[in-house]
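Secondary and tertiary structure notes
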Amino acid sequence: MSAEAKNDAVRTEALDVWLGGTHAVCGVTVAFAAGQTSGLVGPNGAGKSTLLNCVSGLVPASSGEVYLYGDRTTGIKPHQLALRRISRSYQGAQLVRELSAVDNVMVGDHVGLRTGLVSAALGLPRARRAERAARERALHALERVGLAQYAFRPVKELPYGIQKRVDLARALVSDPRCIFLDEPAAGLSRAEKEEVVEVLAGLRVEGGPTLVVVEHDMRVINQLCSDVVVLAAGAVLAAGPPETVLNSPEVVAAYIGRGSKEQVESE
Ligand SMILES: Nc1ncnc2c1ncn2[C@@H]1O[C@H](COP(=O)(O)OP(=O)(O)OP(=O)(O)O)[C@@H](O)[C@H]1O
């Protein structure tokens, strides 16, 4: 592995993923730089989620390698991501509807909540202190996404746009160094999208997390990302700054060729 690879939060080399009979990711070599906000885009079925799922250990690589911060992590188990301070959000905000926003965020605090099972079960002071601290971290994460006022409301009572931000707080709570965001703006109104962009842009501070954003809305990508990778039919079609990559004829053709309604959305 080259010395630069350590500066990459995520790097794949000749990665192949087969899902049943579908070659979903085809020999993908790609890197997302540490400390940056990068976009991963492409028409429906391009392989974006599969790539993210493979890097996160949710689906196995058929061949090739994955590196996270320079360590070879091919075949990593999803729960091991948290120990590497990497988290992700999911398409469709997968929250427990009956629980409050703050309880949902606490679920994301895998590292912080690792107190002994016995002390937790017996309600020992150490476990109670740990739970109080975890609750405070969860409240702070909700504040960071502008949702302090919704902390104790059951998620099922909250509008979808708010639920998406609760999911973002859940991804933030364990103080990750890298977050994979799977369509953070999907299904939101333009105003809600602007709120999400503002929250994510607020994370781009010195020492803030690396963000890898899968997103169909190119306005969101343009607003947030310093570089973008375009996948089409499982392979890398283009990579570079959004303003050059997204206007290149082959990228425009890939979107139009699929009759994709979300192409360069800029309503
Ligand atoms: N569980 C599965 N079994 C078989 N094929 C699958 C499975 N999941 C996805 N695929 C196929 O793998 C390819 C890549 O799908 P993937 O969901 O990664 O694309 P995507 O770029 O994330 O699409 P979208 O933007 O629509 O979410 C597609 O051809 C899809 O039909």
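An unreviewed UniProt entry lists the protein under the name ABC transporter ATP-binding protein, with Acrocarpospora macrocephala as the source organism.

1. Quick notes on the nonpolar core
Ranked by internal contacts, the top residues of the largest apolar core, which has 45 residues, are V41, V105, L142, V166 and L200. Considering every element that reaches this core, the biggest residue donor is helix α6 (residues 160-172), with 6 residues. When residues no more than four places from it in sequence are discounted, the contact partners of L200 are L168, L181, P184, L211 and L224. Formed by 27 residues, the second largest nonpolar core is a distinct cluster that contains L40, Y69, C178 and V214.

2. Examining the environment of N7
Positionally, N7 belongs in the segment before β1 (8-19). In this structure N7 comes out as exposed when scored by relative accessible area, which is 54%. Those residues in contact with N7, other than ones at most four positions away along the chain, are A33 and A34.

3. Describing the sheet that holds strand β7 (residues 178-182)
Pairing in this open sheet of 6 strands is mixed, and the strands run β6-β7-β8-β3-β9-β10 from one edge to the other. Each edge of the open sheet carries a strand with a single partner, namely β6 (86-89) and β10 (235-240). Going from strand to strand, the sheet's axes swing by 15° on average, the running direction of each strand aside. Pairing geometry for β7 and strand β8 (residues 210-214), over 5 bridges, is parallel. Counted as the bridge partner of D182 is V214 from β8.

4. Some words on the pairing of strand β3 (residues 37-41)
Among the 5 residues in β3, 5 count as buried, and that is most of the element. Residues T37, G39 and V41 line one face of β3 and the alternating positions S38 and L40 line the opposite face, and both faces are buried. Here β3 runs beside β8; their pairing, made up of 4 bridges, is parallel. Bridging across to β8, G39 finds its partner in V213. Summarising the sheet, β3 and strand β9 (residues 227-232) pair through 4 bridges and their orientation is parallel. By the bridge assignment for β9, G39 is matched with V228.

5. A look at unusual backbone geometry
Of note, the phi angle at A14 is positive, near 45°, even though the residue is not glycine. Turning to its location among the elements, A14 is positioned in strand β1. Phi at Y69 takes a positive value of approximately 50°, unusual for a residue other than glycine. In this structure, Y69 sits in the loop between β4 (63-68) and β5 (71-72). For Y69, a relative accessible area of 16% puts it in the buried group.

6. Description of α6
Side chains of residues three or four places apart in an α-helix project in the same direction, reflecting 3.6 residues per turn. Here α6 is 13 residues long and its end C-alpha atoms lie 19 Å apart, about the 18 Å a rise of 1.5 Å per residue gives. Where burial is concerned, most of α6 is hidden: 12 out of the 13 residues are buried. What α6 keeps buried is the set G161, I162, Q163, K164, R165, V166, D167, L168, A169, R170, A171 and L172.

The rules behind each value
Within each chain, residue numbers correspond to sequence positions counted from 1 in written order. Where totals are concerned, whole chains, interfaces and linings use all residues; where local detail is concerned, this predicted model gives features only for residues with pLDDT of at least 70, and gives and counts side-chain atom pairs only at 80 or more. Hydrogens and waters are ignored; side-chain quantities use all the structure's heavy atoms. Definition of nonpolar core: a set of buried residues of the types Ala, Val, Leu, Ile, Met, Phe, Trp, Tyr and Cys, connected through side-chain atoms within 4.5 Å. Each residue is placed in one exposure class: buried if its accessible area under a 1.4 Å probe, protein chains only, is under 20% of its type's maximum, exposed if it is over 50%, and partly exposed if it falls in between. In this description a helix means any DSSP run of H or I spanning at least four residues, a strand means any run of E spanning at least two, and both kinds are numbered starting from the N terminus. Two residues form a contact once any of their heavy atoms are found within 4.5 Å. By this definition, two strands are paired if DSSP reports at least two bridges between them. Lines are fitted to the C-alpha atoms to define the axes, a helix being fitted only along its stretch in contact, and any angle between axes, read from their N-to-C directions, falls within 0 to 180 degrees. Here, expected helix span is obtained from the residue count minus one, scaled by 1.5 Å.

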